[in-house]
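Below are the chains, spelled out letter by letter.
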Amino acid sequence: ESEVVLSDRARSLKQILKEFLTQEQYDALVLLFGLEDGEEKTLDEVKEILGLKDRRVVFQREKRAFERLRNSQEAMRRLEELKLESYSLNFPFPYR
């Protein structure tokens, strides 16, 4: 898949996340899955970057973000349209 298509997918994915998640959830997912720079971060790295005291906070933000996406029919519809599973984006598509 070309870099242009992948960057378009990542940009579209980030837009969907921005619309449906809190800023804290969005920031955690973008860092965890490398949607900004292509480099996935660990829970500990995200904790440090976001200035959090406990990595469990990052895990909770990730979990709640996916719950929020799964519970929104509109978010699920738009994510399904992206067909993420057929691209090299390392983002765990939130199947129902």
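The structure under discussion appears in the preceding block.
What you are looking at is a predicted structure, and each value in this text was computed from that prediction instead of being measured. Within each chain, residue numbers correspond to sequence positions counted from 1 in written order. Per-residue local features are limited, in this predicted model, to residues with pLDDT of at least 70; the limit for side-chain atom pairs, both in listing and counting, is 80 or more; totals at the level of whole chains, interfaces and linings are taken over all residues. Derived side-chain values reflect all non-hydrogen atoms in the structure, with water molecules and hydrogen atoms excluded from consideration.

(A) Region of the structure containing the side chain of S72. A run of DSSP states H or I qualifies as a helix once it reaches four residues; a run of E qualifies as a strand once it reaches two. Both are numbered from the N-terminal end. Inspection of the secondary structure assignment puts S72 in the loop between α4 (55-70) and α5 (73-82). Exposed residues in this analysis have more than 50% of their type's maximum accessible area, buried residues have under 20%, and partly exposed residues fall in between, with area computed by a 1.4 Å probe over protein chains only. Exposure remark for S72: the relative accessible area of 15% places this residue in the buried category. Polar contacts involving the side chain of S72 include one to the main-chain amide nitrogen of A75, which spans 3.1 Å. Throughout this description, a polar contact denotes any pair of N or O atoms lying within 3.5 Å of each other; where both atoms belong to protein, one of them has to be capable of donating a hydrogen while the other can accept it, and for residues adjacent in sequence the pair is counted only when both atoms sit in side chains.

(B) Geometry of α4. Every helix has an expected span of 1.5 Å times one less than the residues it contains. Between its terminal C-alpha atoms α4 stretches 23 Å, which fits the 22 Å expected from 16 residues at 1.5 Å a residue. Among all positions in α4, only V58, E62, A65, F66 and L69 are buried. Each buried residue of α4 sits inside an arc of 90° when the element is viewed along its axis, so together they form one side. Think of the arc as the fan of directions from the helix axis to the C-beta atoms.

(C) Representation of the nonpolar core in the model. To qualify as a nonpolar core, a set must consist of buried Ala, Val, Leu, Ile, Met, Phe, Trp, Tyr and Cys residues joined through side-chain atoms within 4.5 Å. With 22 residues, the main nonpolar core has L17, L21, L29 and L69 as its most contacted residues. By definition in these notes, contact holds between two residues if any of their heavy atoms fall within 4.5 Å. Beyond its immediate sequence surroundings of up to four residues, L21 is in contact with Y26, L29, A65, R68 and L69.

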